[in-house]
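Structure at a glance
The chain contents come next:
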Amino acid sequence: MSFGKRLKEARTKVGLQQKELAERSGVSLRTIQNWEGDKRRPSHFEAVADVAKVLGVSSAELLSENDARVIEAAEKGGAKGKRDVEALIAEVSGLFAGGELDEEEKEGVIAALNQAYWEAREKNRKYTPKKYKESGK
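Digging into the pattern of salt bridges
Scanning all chains against the criterion turns up six salt bridges. Notably, a salt bridge pairs Glu65 with Arg69, separated by 3.5 Å at the nearest N-O pair. Of the two residues, Glu65 and Arg69 both sit in helix 6 (residues 65-95), four residues apart, roughly one turn of that helix. For Glu65, a relative accessible area of 48% translates into the label partly exposed. For Arg69, a relative accessible area of 9% puts it in the buried group. Here Glu72 and Lys76 are joined by a salt bridge, their closest N and O atoms 3.8 Å apart. With a gap of four residues between them, Glu72 and Lys76 both fall in helix 6, about one helical turn apart. What makes Glu72 partly exposed here is its relative accessible area of 33%.

Written out as structure tokens, the structure is:
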């Protein structure tokens with residue numbers, strides 16, 4: 001089940017409208033709508049924690065491991081990091097669409113690839129010429 005579906009389920013379970021959840025959590029109504037419609041994923045753990053607190057659930061109940069990886073990527077690597085990790089997860093998940101691995105094994109593979117991504121990114125940063133680091137290119 002997606003983050004958006006888990007969020008909507010938790011919200012309706014406590015009887016809140018999207019607008020009420022937005023007002024109580026401090027997260028914008030548009031953001032709540034985008035999350036529930038699976039148009040966007042959260043970019044910050046803090047926002048998920050604020051929503052979870054209002055709903056009386058833990059952040060872990062709303063987020064899958066992949067959701068948490070995407071948020072971590074957004075916080076560590078900005079929009080590019082988030083896009084890269086989302087693409088990595090989508091590609092790896094596609095590899096297992098008709099496969100033999102159970103969910104726990106798939107999560108392990110995705111975790112290993114995610115770790116490899118961050119290590120490669122850090123290694124590449126060491127070899128980027130200073131003129132490109134400073135100009136943000």
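Alright, that's what it looks like, and here's the rest.
Structural notes on unusual backbone geometry
The phi dihedral of Asp38 is positive, around 55°, even though this residue is not glycine. Here Asp38 lies in the loop between helix 3 (29-36) and helix 4 (45-55). Of the residues examined, Asp38 reaches a relative accessible area of 37% and is grouped as partly exposed.

Regarding the nonpolar core
It is characteristic of soluble globular proteins that their nonpolar side chains tend to be buried jointly. Residues Leu7, Trp35 and Val51 are the most contacted members of the largest nonpolar core, which totals 17 residues. For this core, the secondary-structure elements that each account for two or more residues are helix 1 (3-13), helix 2 (18-25), helix 3 and helix 4. Counting residues per element, this core draws most heavily on helix 4, at five residues. With residues up to four places along the chain from it excluded, the contact list for Leu7 reads Leu21, Trp35, Glu36, Val51, Leu55 and Leu62. Within the second largest apolar cluster, eight residues are counted, among which are Ala73, Val85, Ile89 and Ile110.

Overview of the packing of aromatic side chains
The tally for this structure, following the rule as stated, stands at one aromatic pair. Considering the side-chain rings of Phe3 and Trp35, the 5.4 Å spacing of their centres and the 80° angle between planes classify their relative orientation as edge-to-face. Placement of the pair is Phe3 in helix 1 and Trp35 in helix 3, with a sequence separation of 32 residues. Trp35 shares its class with Phe3; the two are buried.

Details of helix 3
Listing the buried residues of helix 3 in full gives Ile32, Asn34, Trp35 and Glu36. The secondary structure elements touched by the buried residues of helix 3 are helix 1, helix 2 and helix 4.

Examining the packing of helix 2 against helix 4
Between helix 2 and helix 4, whose axes approach to 9 Å, the crossing angle comes to 115°. Accordingly, the angle class assigned to the pair helix 2 and helix 4 is roughly perpendicular. As helix 2 packs across helix 4, the resulting crossing turns out to be right-handed. Listed contacts from helix 4 to Leu21, Arg24 and Ser25 of helix 2 are Asp50, Val51, Val54 and Leu55. Of the residues assigned to the contact of helix 2 with helix 4, the class counts are four nonpolar, one polar and two charged.

What counts and how
- Residues numbered from 1 in each chain as written.
- Predicted model: local features only at pLDDT ≥ 70, side-chain atom pairs only at ≥ 80, totals over all residues.
- Heavy atoms only, no water.
- Salt bridge = Lys/Arg side-chain N within 4 Å of Asp/Glu carboxyl O.
- Helix = DSSP H or I, 4+ residues; strand = E, 2+ residues; numbered from the N terminus.
- Buried < 20%, exposed > 50% of the residue type's maximum accessible area, 1.4 Å probe, protein only.
- Core = buried A, V, L, I, M, F, W, Y, C linked by side-chain atoms within 4.5 Å.
- Contact = heavy atoms within 4.5 Å.
- Phe/Tyr/Trp six-rings, centres within 6.5 Å; stacked < 30°, edge-to-face > 60°.
- Axes fitted to C-alpha atoms, helices over the stretch in contact; angles between N-to-C directions.
- Parallel < 35°, antiparallel > 145°, perpendicular 65-115°, else oblique.
- Left-handed = near helix turned anticlockwise from the far one by under 90°.
- Nonpolar A, V, L, I, M, F, W, Y, C, P; charged D, E, K, R; others polar.

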